[in-house]
Amino acid sequence: MQSFLLAVDRFSTWIGKACAWSVVLLTVLISWEVFSRYVLNRPHAWVLDAQIMLYGLLFMMAGAYTLSKNGHVRGDVLYGFLRPRTQAIVDLTLYIIFFLPGVIALTWAGWTYANESLAIREQTFNADPLPVYPFKFVIPVSGFVLLLQGIVEIIRCIQCIQTGAWPVREGDVEEVDVEKLKEMVHVKDEDMAALERDLALKESHK
Amino acid sequence: MKIRKELWFGLSFMALVIIGAATLLLSVEKITNGHLGLLMLSLVVTAIMLGFPTAFTLMGMGMIFTWLAYNRDTTKTLDLMVQAAFKTMASDVLIAIPLFVFMGYLVERANLIEKLFKSLHLAMARIPGSLAVATLVTCAIFATATGIVGAVVTLMGLLALPAMLRAGYSVPLAAGAITAGGCLGILIPPSVLLIVYGATAGVSVVQLYAGAFFPGLMLTGLYILYVILVAKIKPQWAPPLSAADRAVTLPPLTQQLTTGTDKYALTGLFSALKGKRNADVPLGHILRQLAIVVLPGLLFLLAVATSYQAVTTVNAEAVYDIQQIGSSSSSSAPSADTGGLQEPPQEDGLKEPVAEGGLQEPPSGDVKEPPGAEAPAAAPAAASVAEPPAAAAASADKAPAAASTRDAPTWWWVCFAIFGALVALFYLFLSFARLEIFKMLLTSFFPLMVLIISVLGSIVMGLATPTEAAAMGALGGFILAIAYKRLTLSVLQESVFLTAKTSAMVCWLFVGSAIFSAAFALLGGQELVETWVLSMNLSKTQFLVMSQAIIFVLGWPLEWTEIIVIFMPIFIPLLDNFGVDPLFFGLLVALNLQTAFLSPPVAMAAFYLKGVAPKHVTLNQIFLGMLPFMGIQILAIVLLYQFPAIGLWLPQLLYK
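A short tour of the structure in this document, coming up. Since this is a predicted model, take the numbers as computed values, not measurements.

## Some remarks on the overall build of chain B
Right, so step 1: Helix and strand counts for chain B come out as 31 helices and zero strands.
Right, so step 2: Counting the 656 residues in chain B, one finds 59% classified as buried.
Right, so step 3: Of the contacts made within chain B by residues no fewer than 6 positions apart, 79% connect residues no fewer than 24 positions apart.
Right, so step 4: In the structure as shown, chain B presents an accessible area of about 25,000 Å², 67% of it carried by carbon and sulfur atoms.

Shown next as structure tokens:
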């Protein structure tokens, strides 16, 4: 069971990370377009559409990845203070009441929406049109991955209710990774310890 | 079951919301759809406080209530959901979020902050409370490149807190300066909060950035003022640095130069050049130092010459231009106008070193005069002045005499005088020690400043859309990271993945809130709120105070993202009734939500700092230190409210 959960984690992480690279593409594309427009005086009409598609792809596909790393914003007045078992009960209830209906509906609606677009081979409203329907398929695909990840999270909640502790997840880059930041600014634990000794010494001399 | 005391805060807040909703519903005779909307709102606040991921709470609750509002019509509900999602995906405002976030992570990982703090604290060694001031300034500069509160507070906790404690600063003051400074990124552009507000409220992000600039500077200035005052009144809280801490170690070659010769770098270097005393110092070293010394002066002269030319030669073409197509000159006179427009950021970045080296407080004054004044002032000046440009260019050096002949506008002479005086001061006080500080600043402060000024400048001057500027900024972050030899594959990967997670977090919230707001509007909750608020017969002031108070209170249990995406759609339509500018409201909200980061007991900044502080620093000391800064924030809100021009002057000037 555990290996299945981690496999799904890895799947959504892989998809999210793959699409995450579109931010680099986006940077390069827009920078190049700015150069081309202002310096070479050669604007491209399709770039605006392309950049929006890259951005949409980026964040929609990263939704499941973020969920698998527990990265979606939560209200934290209560949750952090609860015992893991209570946390799991709250989560499980709300996954069933809000998450499942919402995401299933989004996936379903996105599927029909994208297929309608495919049926007419919809293009962007532009002088150099790009096809829109692949972009619209991002909604059902990301919804589906999200749903898969959500089911994994529900199983985790049940496991937590049974055992009283959250099952482990695989680590990932953290925004505030104290160890890494310490290394970056060359602060060592010994320095901190030395500082504390010095301060204590100063205090006792007073 | 015994309830632990940490839970009381959250539980009582939830109880309050539920009781409020219940009394509201029970007090009306007939429950309409609108009341259902209000019920939904209170339910969603309660559900968010329970701690479930907000994006999905909003999505699920929004869907259920949309379905109710459409009289259980499933097709319409599904259509609305997918439209809401697609609207977020195709938003040309939100697209700037991943790019700015990416730029922030790259700049953060280029590890500029360490050098920046060290050079600034040496440069400011003589100011009272210098370490705390340097902390605030570092944070403010960093805030213009990244809006990442947690990382900045952690980094400053690692760098500045030990330095301050070692220097004998009181723990609350040190902690307060770090937490308050770290939170400046929320307000100072390019902040994600302003993009989110702009997208929700339909206000131009460009105008919000222009508007938030001076309030951000004002807040930083007030913080610094407070620290200096404290250091003056209570020197034992922030003792001045000892001579040993202030000392700058000179490189050995330069040290050989200083022994025996005078301590002024300019004359010292020149005499070393021709004298035989320093035969063992290679000529190359002296020339390199000299080149750095001469650099600001040269740049100043260059800026003077080019800006003067731009100011005076604009005339002929601009007059022609005005007669032809009236006010929209910017599009059709590329040569003259872009010259005038591109000038300020560049010139500013270049002149800034001067103010810095001369030990004036650096970032607060920077963009004030030139970018603001230049573009609009150029037009009237151009219209009124009809001097032959050739003669004008020659008179660039005759500063006082030319003022009366009005061949260049007064503001140009004012800038010239100010910056000229700064350059003169710089050279007057340039000792070898200061030269070292200047070199440190040159490698830490100025690259960042150039990046920021070009990004913000191009947005504010209307040269680039926020998206384009964000992309260029991300590219600049790349270049900075490469220049500081920090760009490895793992750093790039981390930045990319963190960007994806942060963008997903914010943008999925938008998907959820788009569905939720649609449901709220469908149910007629908006009209109910509107009639209710109007029935209270509030004045404009009362309304503003009330709305800010509500947002302030909500800032405790909720995150700023949640407050903006859920509550702004409710507040914004009301603004019209009271004649409040949504732009101005946004600035108030941004200042207000900043206080939420510093208000105990849920202030995130405090916990980040606690995570890296020495063990004897308690959470209570940190909270205690944050309180005065929170007071300053409230003062800043009041000031902004009393003098809206602080925020509105720049956008009005630029986008009239």
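## Re helix α2 (residues 33–50) of chain B
All names here are of chain B.
Right, so step 1: Across its 18 residues, α2 extends 25 Å between first and last C-alpha, which sits within 8% of the 26 Å expected from 1.5 Å per residue.
Right, so step 2: Most of α2 sits inside the fold, with 13 of its 18 residues counted as buried.
Right, so step 3: Where α2 terminates, the next one or two residues include G51, which has phi positive at roughly 110°.

## Considering the pattern of salt bridges
Right, so step 1: The full count for this structure, using the stated rule, is 10 salt bridges over all chains.
Right, so step 2: Between B:E468 and A:R37 there is a salt bridge, with the nearest N and O atoms lying 2.7 Å from each other. Taken as a pair, B:E468 in helix α23 (residues 466–483) and A:R37 in helix α2 (residues 22–38) lie in two separate chains rather than in one.
Right, so step 3: Ionic pairing is found between A:E153 and A:R169, a salt bridge with its closest N-O pair at 2.8 Å. Linking A:E153 in helix α6 (residues 138–163) with A:R169 in the loop between α6 and α7 (178–184), this pair joins segments that are 16 residues apart in sequence.
Right, so step 4: Here A:E153 falls in the buried class, since its relative accessible area comes to 4%.
Right, so step 5: In this structure, a network of salt bridges that share partners links the residues A:D9, A:E153, A:R156 and A:R169.

## Some points on the interface of chain B and chain A
Right, so step 1: The interface of chain B with chain A comprises 94 residues on the first partner and 81 residues on the second.
Right, so step 2: Here chain B meets chain A over a buried area of about 7,600 Å², counting both sides, of which 76% is carbon and sulfur.
Right, so step 3: By the criterion of area lost to chain A, the three top residues of chain B are B:F52, B:M89 and B:W508, representing 10% of everything that side buries.
Right, so step 4: At the surface where chain B touches chain A, the tally comes to one salt bridge.
Right, so step 5: Counting the contacts that link chain B with chain A gives five residue pairs in polar contact (both at pLDDT 80 or more).
Right, so step 6: Tallying contributions element by element places helix α24 (residues 489–523) of chain B first for the side of chain B that touches chain A, with 17 residues.
Right, so step 7: Grouping the constituent residues of the side of chain B that touches chain A by class yields 60 nonpolar, 20 polar and 14 charged.

## Here's the deal with the nonpolar core
Across soluble globular proteins, you tend to see nonpolar side chains buried next to one another.
Residues and elements named next belong to chain B.
Right, so step 1: Judged by nonpolar contacts, the single largest core of 283 residues is most densely connected at L448, W508 and F585.
Right, so step 2: A per-element tally of this core places α24 first, with 18 residues.
Right, so step 3: Here L448 is in contact with V107, L112, L116, I141, F142, A145 and L480, once residues within four sequence places are set aside.

## Let's talk about a nonpolar patch on the surface
Residue and element names in this part refer to chain A.
Right, so step 1: Side chains of F35, Y38, V39 and L40 sit close together on the surface and give an oily, nonpolar patch of about 400 Å² of accessible area.
Right, so step 2: Mapped onto the elements, L40 comes out in the loop between α2 and α3 (46–68).
Right, so step 3: Exposure remark for L40: the relative accessible area of 40% places this residue in the partly exposed category.

## Describing the environment of B:I563
All names here are of chain B.
Right, so step 1: Summarising the element assignment, I563 is placed in helix α27 (residues 560–578).
Right, so step 2: Measuring from C-alpha to C-alpha, the distance between I563 and L194 comes to 13 Å, with 369 residues separating the pair along the chain.
Right, so step 3: Sequence-distant contacts of I563, that is, excluding residues within four places in its chain, are made with I551, L554, G555, L558, M568 and L593.

## A word on the packing of helix α6 (residues 112–123) of chain B against helix α7 (residues 130–143) of chain B
The angle between the axes and the distance between the axes are what describe a pair of packed helices.
Residues and elements named next belong to chain B.
Right, so step 1: Look at α6 against α7: their axes get within 9 Å of each other, and the N-to-C directions meet at 140°. It follows that α6 is oblique to α7 by the angle criterion. In this structure, the crossing between α6 and α7 has a hand that is right-handed. The segment α6 lies against α7, with L112, I113, L116, F117, L120 and H121 engaging L131, A134, T135, V137, T138, I141 and F142.

## Focus: unusual backbone geometry
Residue and element names in this part refer to chain B.
Right, so step 1: Of the consecutive residues P189 and P190, the connecting peptide bond is found in the cis state with omega at 0°.
Right, so step 2: Within the secondary structure, P190 sits in the loop between α9 (171–182) and α10 (192–201).
Right, so step 3: Although it is not a glycine, N537 sits at a positive phi angle of roughly 55°.
Right, so step 4: Topologically, N537 is positioned in the loop between α25 (525–535) and α26 (540–554).

## Comments concerning the environment of B:Y226
All names here are of chain B.
Right, so step 1: Relative to the helices and strands, Y226 is located in helix α11 (residues 205–233).
Right, so step 2: Taking the relative accessible area as the measure of exposure, Y226 reaches 23% and is therefore partly exposed.
Right, so step 3: Between the C-alpha atoms of Y226 and I632, which are 406 residues apart in sequence, the distance is 8.4 Å.
Right, so step 4: The residues contacting Y226, other than those within four sequence positions of it, are L173, P628, F629 and I632.

Cut-offs and rules
Residues numbered from 1 in each chain as written. Chains lettered and ligands numbered in written order. Predicted model: local features only at pLDDT ≥ 70, side-chain atom pairs only at ≥ 80, totals over all residues. Heavy atoms only, no water. Helix = DSSP H or I, 4+ residues; strand = E, 2+ residues; numbered from the N terminus. Buried < 20%, exposed > 50% of the residue type's maximum accessible area, 1.4 Å probe, protein only. Contact = heavy atoms within 4.5 Å. Areas by Shrake-Rupley, 256 points an atom, 1.4 Å probe, with all protein chains shown as cover. Expected span 1.5 Å × (residues − 1). Salt bridge = Lys/Arg side-chain N within 4 Å of Asp/Glu carboxyl O. Buried area = accessible area lost by both parts, 1.4 Å probe. Polar contact = N/O pair within 3.5 Å; in protein donor to acceptor, adjacent residues only side chain to side chain. Nonpolar A, V, L, I, M, F, W, Y, C, P; charged D, E, K, R; others polar. Core = buried A, V, L, I, M, F, W, Y, C linked by side-chain atoms within 4.5 Å. Patch = residues over 30% accessible without salt bridge, like charges linked within 9 Å, V, L, I, M, F, W, Y side chains within 5 Å. Axes fitted to C-alpha atoms, helices over the stretch in contact; angles between N-to-C directions. Parallel < 35°, antiparallel > 145°, perpendicular 65-115°, else oblique. Left-handed = near helix turned anticlockwise from the far one by under 90°.

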